[in-house]
Amino acid sequence: MPDYHELFEKIPDGITLHDPEDGSLLDANEQFCEMLGYTREELRELRFEEIILNESPYTIERAEEYIQNAATDGPQTFEWRDKTKAGEALPVEVHLRQTTIDGNQRILAVVRDITDRKQRERELQRKNERLEEFASVVSHDLRNPLSVASGRLELAREECDSDHLDSVARAHDRMANLIEDLLALARDGKTTIDTEEVMLADITADCWENVETAGATLHIDTTHTIRADHARLQQLLENLIRNAVEHGGEEVTVRIGDLTDGFFIQDDGPGIPQEARTRVFEAGYTTSDDGTGYGLKIVTEIANAHGWDITATGAETDGARFEITDVTLSQ
């Protein structure tokens, strides 16, 4: 048995060897045989095309092209479909490279079974489809009757003047905010992150203008430029600012500052009790009569999508403090 066999059998992935001229299968390790359901003796009797699914785009011609490219252009990596002994398609990831074995040029293929990965991708796709369906229902079936109710409220104001109508208007506003938060939360599950360099001070100032802050005050103490999806970072900051104003009061002072690997936003409001600092990120959790309980959940989803960590702590002078770390800083 050639010396290379001992090494190949220790590798957990499938290994195959091919002739760089015609792509023919010369050898395979035990792991590859087990992946397809063959014994090594059975596999050695097969032609290469017999383990190829041979359905577009997974054809023998395409497989031979990859092998020839590995010989002339360098290593190749791609997803593929092999055919098992039972005739079923096996999703695999293939890494090809040219190597010398016993003085001969060979194409070495490392073949990894990605069945579980593909299953996770299908589950994620189904989840995204459900989220999109939910978003559509929220947008149409909830907004339309709310719009009708708001219109009727305006007609009622023309006929009478009552404090009860103000209560109805506030209820409508809260429902509208809840719909927006739920819609954003649903779409967060499928939104692609497209990062760019963003100056944290500039985007924070813009966000402050977009949120109803009454008599609140903002202090910007950051010089960071970070890698982030601009629109999603704006959504994160606006939710944190809105949270500070809702819980800290109309005269609250909000400050954003730098951390070694990120930034923080804090306020001088009543703060968050120690026992609630994890729960505040749960969907639906709120201590405010006007809150929806989804703002900080949305913040968490956006942070996670970027690969950031977010924690709730106490500010230096009471109040709440949110630290966002593991952020990529631009040099």
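The structure this text deals with has already been given above.
Some points on helix 7 (residues 200-210)
In step 1: Among the residues of helix 7, L200, I203, T204, C207 and W208 are the ones counted as buried. An end-on view of helix 7 places all buried positions within 145° of arc, on one side of the element.

As for the packing of helix 8 (residues 230-248) against helix 9 (residues 295-306)
Think of two packed helices as two axes; the pair is described by the angle between the axes and how far apart they sit.
In step 1: Look at helix 8 against helix 9: their axes get within 9 Å of each other, and the N-to-C directions meet at 150°. Handedness of the helix 8/helix 9 crossing: left-handed. Contact with helix 8, carried on its side by R232, Q235, L236, N239, L240 and N243, involves G295, L296, I298, V299, I302, A303 and H306 of helix 9 and no other residues of that element.
In step 2: Among the residues making up the contact of helix 8 with helix 9, the classes are represented as 7 nonpolar, 5 polar and 1 charged.

Brief notes about the sheet that holds strand 3 (residues 76-83)
In step 1: Strand order in the open sheet formed by 5 strands is 2-1-5-4-3, and the pairing between neighbours is antiparallel. Whereas interior strands pair on both sides, the edge strands pair on one side only; in this sheet they are strand 2 (25-28) and strand 3. Ignoring strand direction, the axes of neighbouring strands in this sheet form an average angle of 35°.
In step 2: Contacts from helix 4 (residues 60-72) reach strand 1 (14-18), strand 3, strand 4 (89-101) and strand 5 (104-113), with the element oriented near 150° to strand 3.

Some thoughts on the packing of helix 7 against helix 8
In step 1: In contact at an axis separation of 9 Å, helix 7 and helix 8 are set at 55° when each is read in the N-to-C sense. Between helix 7 and helix 8, the angle falls in the class oblique. Relative to helix 8, helix 7 is oriented so that their crossing is right-handed. The segment helix 7 lies against helix 8, with L200, I203, T204, C207, W208 and N210 engaging H230, L233, Q234, L237, E238 and I241.
In step 2: Residue composition of the contact of helix 7 with helix 8, grouped by class: 7 nonpolar, 4 polar and 1 charged.

Digging into helix 8
In step 1: Taking 1.5 Å per residue as the helical rise, helix 8 with its 19 residues ought to reach 27 Å, and the 26 Å between its terminal C-alpha atoms agrees with that figure.
In step 2: Among the residues making up helix 8, those that are buried are R232, L233, L236, L237, E238, N239, L240, I241, N243, A244 and V245.
In step 3: Two or three places before A231, at the opening of helix 8, D229 has a side-chain oxygen 3.2 Å from that residue's backbone nitrogen.
In step 4: The positive-phi residue at the C-terminal boundary of helix 8 is G249, with phi of around 100°.

Brief notes about the sheet that holds strand 7 (residues 217-221)
In a beta sheet, neighbouring strands pair by backbone hydrogen bonds and run either parallel or antiparallel.
In step 1: Sheet architecture is open: 5 strands sit in the order 7-9-10-12-11, paired in mixed fashion. Looking at strand neighbours, the two that pair on one side only are strand 7 and strand 11 (309-314), the edges of this open sheet. Taken over all neighbouring pairs, the strand axes of this sheet differ in orientation by 15° on average, direction set aside.
In step 2: When strand 9 (residues 253-259) meets strand 10 (residues 262-267), the two strands line up antiparallel, connected through 6 bridges. Residue pairing for strand 10: L259 is matched across the bridge by G262.
In step 3: Lying on the sheet, helix 7 is in contact with strand 7, strand 9 and strand 10; it crosses strand 7 at an angle near 170°.

So, the pattern of salt bridges
In step 1: In this structure the tally under the stated criterion is 16 salt bridges.
In step 2: One salt bridge in this structure joins E49 and R47, with 3.0 Å as the shortest N-O distance.
In step 3: We note a salt bridge from R321 to E323, for which the minimum N-O separation is 2.8 Å.
In step 4: For R321, a relative accessible area of 9% corresponds to the buried category.
In step 5: Here the salt bridges do not stand alone but share partners, grouping E79, E93, R117, K118 and E121 into one network.

Description of the side chain of H306
In step 1: Among the structural elements, H306 can be located in helix 9.
In step 2: A polar contact of 3.0 Å, which involves the side chain of H306, links it to the backbone nitrogen of D229.
In step 3: At 2.9 Å, the side chain of H306 and the backbone oxygen of I302 are in polar contact.
In step 4: Among residues more than four places away in sequence, those in contact with H306 are I193, T195, A228, D229 and R232.

Points about the nonpolar core
In step 1: Among the nonpolar cores identified, the biggest contains 35 residues, and L233, L236, L237, F263 and W308 are the most heavily contacted of them.
In step 2: At the level of secondary structure, the elements contributing two or more residues to this core comprise helix 7, strand 8 (225-228), helix 8, strand 9, strand 10, helix 9, strand 11 and strand 12 (320-325).
In step 3: Among the elements that make up this core, the one with the highest residue count is helix 8 (7 residues).

Looking at the environment of L153
In step 1: Relative to the elements of secondary structure, L153 occurs in helix 5 (residues 115-159).
In step 2: Sequence spacing of L153 and V168 is 15 residues, and the spatial spacing of their C-alpha atoms is 7.8 Å.
In step 3: Excluding residues that lie within four positions of it along the chain, L153 makes contacts with L165, V168, A169 and H172.

Definitions and limits used
Residues numbered from 1 in each chain as written. Predicted model: local features only at pLDDT ≥ 70, side-chain atom pairs only at ≥ 80, totals over all residues. Heavy atoms only, no water. Buried < 20%, exposed > 50% of the residue type's maximum accessible area, 1.4 Å probe, protein only. Helix = DSSP H or I, 4+ residues; strand = E, 2+ residues; numbered from the N terminus. Arc of directions from axis to C-beta. Axes fitted to C-alpha atoms, helices over the stretch in contact; angles between N-to-C directions. Left-handed = near helix turned anticlockwise from the far one by under 90°. Contact = heavy atoms within 4.5 Å. Nonpolar A, V, L, I, M, F, W, Y, C, P; charged D, E, K, R; others polar. Pairing = 2+ DSSP bridges. Parallel < 35°, antiparallel > 145°, perpendicular 65-115°, else oblique. Expected span 1.5 Å × (residues − 1). Polar contact = N/O pair within 3.5 Å; in protein donor to acceptor, adjacent residues only side chain to side chain. Salt bridge = Lys/Arg side-chain N within 4 Å of Asp/Glu carboxyl O. Core = buried A, V, L, I, M, F, W, Y, C linked by side-chain atoms within 4.5 Å.

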